[in-house]
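Listed here are the chains, written in short residue letters.
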Amino acid sequence: MLNSLVYKPNRVVEKQKLVQSSHAPIYYRLPRSKFYVGSYYAIFTVGMISTAVGAYQLIKGKPAGE
């Protein structure tokens, strides 16, 4: 039952060769790195824009008539 969790092949040497043979930046060397970095940048951008819009609305304030 636990064989699929316990008896896994050791792929450290393969991944080490993959990472060390590449001349790309370290954050782009692994297979799904571009997806992870792109997702991080997208979430970071949305967060920064939301923060800027919120700060603008706080600075702008409510109109005097309300």
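In what follows, the accompanying structure is described. It should be emphasised that the depicted structure is a prediction, and the values quoted were computed from it without experimental measurement.

Conventions and cut-offs
Residues numbered from 1 in each chain as written. Predicted model: local features only at pLDDT ≥ 70, side-chain atom pairs only at ≥ 80, totals over all residues. Heavy atoms only, no water. Helix = DSSP H or I, 4+ residues; strand = E, 2+ residues; numbered from the N terminus. Areas by Shrake-Rupley, 256 points an atom, 1.4 Å probe, with all protein chains shown as cover. Phe/Tyr/Trp six-rings, centres within 6.5 Å; stacked < 30°, edge-to-face > 60°. Buried < 20%, exposed > 50% of the residue type's maximum accessible area, 1.4 Å probe, protein only. Polar contact = N/O pair within 3.5 Å; in protein donor to acceptor, adjacent residues only side chain to side chain. Contact = heavy atoms within 4.5 Å. Salt bridge = Lys/Arg side-chain N within 4 Å of Asp/Glu carboxyl O. Expected span 1.5 Å × (residues − 1).

## Regarding the overall build of the protein
A tally of helices and strands in the protein yields three helices and zero strands. When its helices and strands are written in sequence order, the protein yields α-α-α. When the accessible surface of the protein is totalled, it reaches about 6,500 Å², and 65% of it is carbon and sulfur.

## Considering the packing of aromatic side chains
Applying the stated criterion across every chain yields a total of four aromatic pairs. Judged by centre distance (5.8 Å) and plane angle (55 degrees), the ring pair of Phe 35 and Tyr 36 falls under tilted. In this structure Phe 35 comes out as exposed when scored by relative accessible area, which is 58%. Grouped by ring-pair contacts, the aromatic residues Tyr 40, Tyr 41 and Phe 44 constitute a single cluster.

## Digging into the side chain of Ser 33
On the secondary structure map, Ser 33 appears in helix 3 (residues 33-60). At a separation of 2.9 Å, a polar atom in the side chain of Ser 33 contacts the main-chain carbonyl oxygen of Leu 30. Excluding residues within four positions of it along the chain, Ser 33 makes contact with Tyr 27 and Tyr 28.

## Here we look at the pattern of salt bridges
Side-chain pairs of opposite charge can arise where the charged atoms are in close proximity. All chains considered together, the criterion is met by one salt bridge. The partner of Arg 11 in a salt bridge is Glu 14, with the nearest N and O atoms 3.8 Å apart.

## Comments concerning the environment of Phe 35
Mapped onto the secondary structure, Phe 35 falls in helix 3. Taking the C-alpha atoms as reference points, Phe 35 and Pro 63, 28 residues apart in sequence, are found 44 Å from one another.

## Observations concerning helix 3
Under the 1.5 Å per step criterion, the end-to-end length of helix 3 is 40 Å for 28 residues, consistent within 8% with the ideal 40 Å. Of the residues one or two after helix 3, Gly 61 is the one with positive phi, at around 75 degrees.

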